[in-house]
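This is what each chain is made of:
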Amino acid sequence: IYLAQVQQQGQSGELPGGMYAHALATIAFCEAYGISGDERLRLNAQFAIKYLLGAQHNAGGWRYGPGQPGDMSATGWVFLAIRSAQLTGIPVLQGVLTRAERFIDTCAVGPQEAPGSRYTYLPTAPERLEKRSLTAAGLLTREYLGWRQDESNLTAGAEYLMKNQPPERATNLGDLYYYYYATQVLHHLEGDDFDLWNYRMREHLIGNQEQDGEVAGSW
């Protein structure tokens, strides 16, 4: 109800807080509609996803505000919203997906034998260095765009993720942004790698949950 109240009425569909917050709120609307079947929520979800699609830069990515040249981080969050919409039956035009795929191509910085296995933040950065979190975000987006489990770039990317598993023992959560995306990538691939990752991730989260005081139970 709160999100519906703060969403701009009419055709805009914008939610406050910038592109990241809007993408997360869109996911919430789509998930709520998918679970409940409430047609009122479908309308909120449709307006929210329409805003995101209209905010895409001509080169195919998304960033902090509408029409800005994209980065891999914001684009990853927007794709989570797009996928949530698709799963509820809300259509997304193929042109949007084609442009997005072209943008993601420009962020690929993998080795010559598997260029699509790793990703960087900006296609225009002077030093196009791979980043673990954005590699995971890029690979998940590729899965949503249709890469099959046996795609060579995806399997190479999964090997890279498995070399950067959650630690067996740690005193802090570490790169939770990376873990969030990598867990989903490996979940879609299934198999022994995900079973190991899932065990390590579960133990890592449980072991680093706050135990005392007002924040007990949180991370």
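Not measured: the values here are computed from a predicted model.

Visitor: Mind laying out the confidence of the model for the protein chain, listing which residues take part and the relevant values?
Guide: With 99% of its residues at a pLDDT of 70 or more, the protein chain has an overall mean of 94. Within the protein chain, the lowest mean pLDDT, 91, falls on helix 1 (residues 2–6), and the highest, 98, falls on helix 7 (residues 152–162).

Visitor: Pulling in residues and values, what's your account of a negative patch on the surface?
Guide: On the surface, a cluster of negative charge is contributed by Glu 159, Asp 192, Asp 193 and Asp 195. Within the secondary structure layout, Asp 193 lies in helix 9 (residues 191–207).

Visitor: Hey, could you go over helix 9 for me, with residue numbers and the actual values?
Guide: Note on helix geometry: an α-helix contains 3.6 residues per turn, so any two residues three or four positions apart are oriented the same way. For helix 9, spanning 17 residues, the distance from its first C-alpha to its last is 24 Å, which sits close to the expected 24 Å at 1.5 Å a residue. Within helix 9 the residues assigned to the buried category are Phe 194, Trp 197, Arg 200, Met 201 and His 204. Seen end-on, helix 9 carries its buried residues on one side only, within an arc spanning 135 degrees. What points out from helix 9, more than 90 degrees from its buried face, is the exposed set Asp 192 and Gly 207. On the buried face of helix 9, the contacting elements are helix 7 and helix 8 (176–189).

Parameters at a glance
Residues numbered from 1 in each chain as written. Predicted model: local features only at pLDDT ≥ 70, side-chain atom pairs only at ≥ 80, totals over all residues. Heavy atoms only, no water. pLDDT = per-residue confidence, 0-100. Helix = DSSP H or I, 4+ residues; strand = E, 2+ residues; numbered from the N terminus. Patch = residues over 30% accessible without salt bridge, like charges linked within 9 Å, V, L, I, M, F, W, Y side chains within 5 Å. Areas by Shrake-Rupley, 256 points an atom, 1.4 Å probe, with all protein chains shown as cover. Salt bridge = Lys/Arg side-chain N within 4 Å of Asp/Glu carboxyl O. Lys, Arg positive; Asp, Glu negative; His and termini not counted. Charge placed at Lys NZ, Arg CZ, Asp CG, Glu CD. Expected span 1.5 Å × (residues − 1). Buried < 20%, exposed > 50% of the residue type's maximum accessible area, 1.4 Å probe, protein only. Arc of directions from axis to C-beta. Contact = heavy atoms within 4.5 Å.

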